[in-house]
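Structure assessment
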Amino acid sequence: MGEFQTYLPIYAIVLAAILCVGETLILVRTYKYWPLSIDDYLACGALIISALIFESAAGVVLMLCAWAFMTGNLYAMLFTRLDPYTGTRERIPALSVLLGAASLGLIATFATLISRMVPA
């Protein structure tokens, strides 16, 4: 996991950019009520800020919080849409990929935090 930790800030920025573009396209193309997107934009902003200050302990903790929030949000969106009674089945593949990517970021950031806490 050590090699991935080197690229974690870049990974976070790329995923945040993809999510921002995707969320904006959904807002423009559908009738989604815009306040429902604020949490996604806040999570992306937190990821970008944390990537810029990643070398500090606060940056790693902020990134961990952003990944956790994003993972929980994507989990809720995915399984709400998979609900057999009320689920809309919209964008299931995209949500699945994003949930996997956010989970990977969460695990890698947690591993980074642990490795920085252990004395060398």
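Note that the structure is predicted; figures quoted are calculated from it, not measured.

**Some thoughts on the UniProt feature "transmembrane region" (unreviewed entry) in the protein chain**
Following the UniProt record, one finds the feature "transmembrane region" (unreviewed entry) at residues 6-28, 40-69 and 92-114. Along residues 6-28, the helical share is 100% and the strand share 0%, with 35 Å between the first and last C-alpha atoms. The span residues 40-69 is 87% helix and 0% strand, and its two end C-alpha atoms sit 9 Å from each other.

**A word on the environment of Thr112**
As for its position among the elements, Thr112 is in helix α4 (residues 92-117). Spatially, the C-alpha atom of Thr112 lies 12 Å from that of Ala58, the residues being 54 residues apart in sequence. Ignoring sequence-local partners within four residues, the contact set of Thr112 consists of Gln5, Leu8, Phe54 and Val60.

**Concerning the packing of helix α2 (residues 38-52) against helix α3 (residues 57-81)**
The interhelical angle for the contact between α2 and α3, taken along N-to-C directions, is 155°, at an axis separation of 8 Å. As judged from the angle between their axes, α2 and α3 are roughly antiparallel. Crossing angle aside, the handedness with which α2 passes α3 is left-handed. On α3, the residues that touch Asp39, Asp40, Ala43, Cys44, Ala46, Leu47, Ile49, Ser50 and Ala51 of α2 are Gly59, Leu62, Met63, Ala66, Trp67, Phe69, Met70, Asn73 and Met77. Of the residues that constitute the contact of α2 with α3, the class distribution is 13 nonpolar, three polar and two charged.

**Some words on the environment of Thr24**
Locating Thr24 in the fold gives a position in helix α1 (residues 2-29). Since its relative accessible area comes to 36%, Thr24 is described here as partly exposed. C-alpha of Thr24 to C-alpha of Ser56: the two residues are 32 residues apart in sequence and 31 Å apart in space. From its side chain, Thr24 meets the backbone oxygen of Cys20 in a polar contact 2.8 Å long.

**Points about the nonpolar core**
Judged by nonpolar contacts, the single largest core of 28 residues is most densely connected at Ala12, Leu47, Met63, Trp67, Met70 and Leu74. Breaking this core down by element, the ones donating at least two residues are α1, α2, α3 and α4. Ignoring sequence-local partners within four residues, the contact set of Ala12 consists of Leu47, Ala51, Met63 and Trp67.

**What about the side chain of Thr71?**
Relative to the elements of secondary structure, Thr71 occurs in helix α3. Within polar-contact distance, the side chain of Thr71 engages the backbone oxygen of Trp67 at 2.7 Å. Setting aside its immediate chain neighbours within four residues, Thr71 contacts Leu99, Ala102, Ser103 and Leu106.

The rules behind each value
Residues numbered from 1 in each chain as written. Predicted model: local features only at pLDDT ≥ 70, side-chain atom pairs only at ≥ 80, totals over all residues. Heavy atoms only, no water. UniProt positions renumbered as here; feature names shortened; annotations may be inferred. Helix = DSSP H or I, 4+ residues; strand = E, 2+ residues; numbered from the N terminus. Contact = heavy atoms within 4.5 Å. Axes fitted to C-alpha atoms, helices over the stretch in contact; angles between N-to-C directions. Parallel < 35°, antiparallel > 145°, perpendicular 65-115°, else oblique. Left-handed = near helix turned anticlockwise from the far one by under 90°. Nonpolar A, V, L, I, M, F, W, Y, C, P; charged D, E, K, R; others polar. Buried < 20%, exposed > 50% of the residue type's maximum accessible area, 1.4 Å probe, protein only. Polar contact = N/O pair within 3.5 Å; in protein donor to acceptor, adjacent residues only side chain to side chain. Core = buried A, V, L, I, M, F, W, Y, C linked by side-chain atoms within 4.5 Å.

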